[in-house]
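One-letter residues, chain by chain:
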Amino acid sequence: LRPSDVLTRLSGGQSRALMIADLAHISDSPIILIDEVENAGIDRRKALDLLTGRGKIVVIVTHDPQLALLGERRIVMRHGAMVDVIDRSGDEERAEKILGEYMSILSAARERLRSGLRVESKHFEVMGRREREPIV
């Protein structure tokens, strides 16, 4: 982004990234509520690290399992009411890392498709395994 750029011409992903940077670096609000950190070119882990690294309390509303598992705690809502608070377990941290690897593969496939490149089975290796082999 340059000073000469017109903000109304930014893509959705660019404006979302700018909003996250603004919240992290300029906003003095101690609590941030974000509804679904989009996948439009934004590294959700980096965005969350950026926001939490500034000492802010970050509440993210999401149905994304990887994003939900990145937080230290999850608030469970049902019918508009808070019904539980779940602390992330060590096993959930490991599960998030596996999900992160799959998300990286999906992201790379999206980028290859956007660039007009082929997506082949060799692009789907996770931790040295092929997609046909079980994870567990």
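Right above here is the structure, for reference.
Attention in this report is confined to the structure presented alongside it. What you are looking at is a predicted structure, and each value in this text was computed from that prediction instead of being measured.

Examined against the element boundaries, Glu96 turns out to sit in helix α4 (residues 90-114). Engagement of the side chain of Glu96 in a polar contact is seen with the side chain of Gln66, the distance being 3.0 Å. With residues near it in sequence (within four places) discarded, Glu96 still touches Arg45, Gln66, Leu69 and Leu70.

Our focus in this paragraph is the nonpolar core. Listed in full, the 8 residues of the largest apolar core are Ile20, Leu23, Ala24, Ile32, Ile34, Ile42, Ala47 and Leu51. When contributions to this core are tallied by element, the ones reaching two or more residues are α1 (12-25), β1 (31-35) and α2 (44-52). Tallying contributions element by element places α1 first for this core, with 3 residues. Once residues within four sequence positions are removed from consideration, Ile34 is found in contact with Arg16, Leu51, Val59, Ile60 and Val61.

Before going further, it helps to examine a nonpolar patch on the surface. On the surface, a cluster of nonpolar side chains totalling about 460 Å² of accessible area is made up of Ile31, Leu33, Ile57, Val59 and Val61. Elements supplying a minimum of two residues to the nonpolar patch: β1 and β2 (57-61). Looking at the nonpolar patch element by element, the count peaks at 3 residues for β2. As for its position among the elements, Ile57 is in strand β2. Using a relative accessible area of 51% as the deciding quantity, one classes Ile57 as exposed.

Calculation criteria
- Residues numbered from 1 in each chain as written.
- Predicted model: local features only at pLDDT ≥ 70, side-chain atom pairs only at ≥ 80, totals over all residues.
- Heavy atoms only, no water.
- Helix = DSSP H or I, 4+ residues; strand = E, 2+ residues; numbered from the N terminus.
- Polar contact = N/O pair within 3.5 Å; in protein donor to acceptor, adjacent residues only side chain to side chain.
- Contact = heavy atoms within 4.5 Å.
- Core = buried A, V, L, I, M, F, W, Y, C linked by side-chain atoms within 4.5 Å.
- Buried < 20%, exposed > 50% of the residue type's maximum accessible area, 1.4 Å probe, protein only.
- Patch = residues over 30% accessible without salt bridge, like charges linked within 9 Å, V, L, I, M, F, W, Y side chains within 5 Å.
- Areas by Shrake-Rupley, 256 points an atom, 1.4 Å probe, with all protein chains shown as cover.
- Salt bridge = Lys/Arg side-chain N within 4 Å of Asp/Glu carboxyl O.

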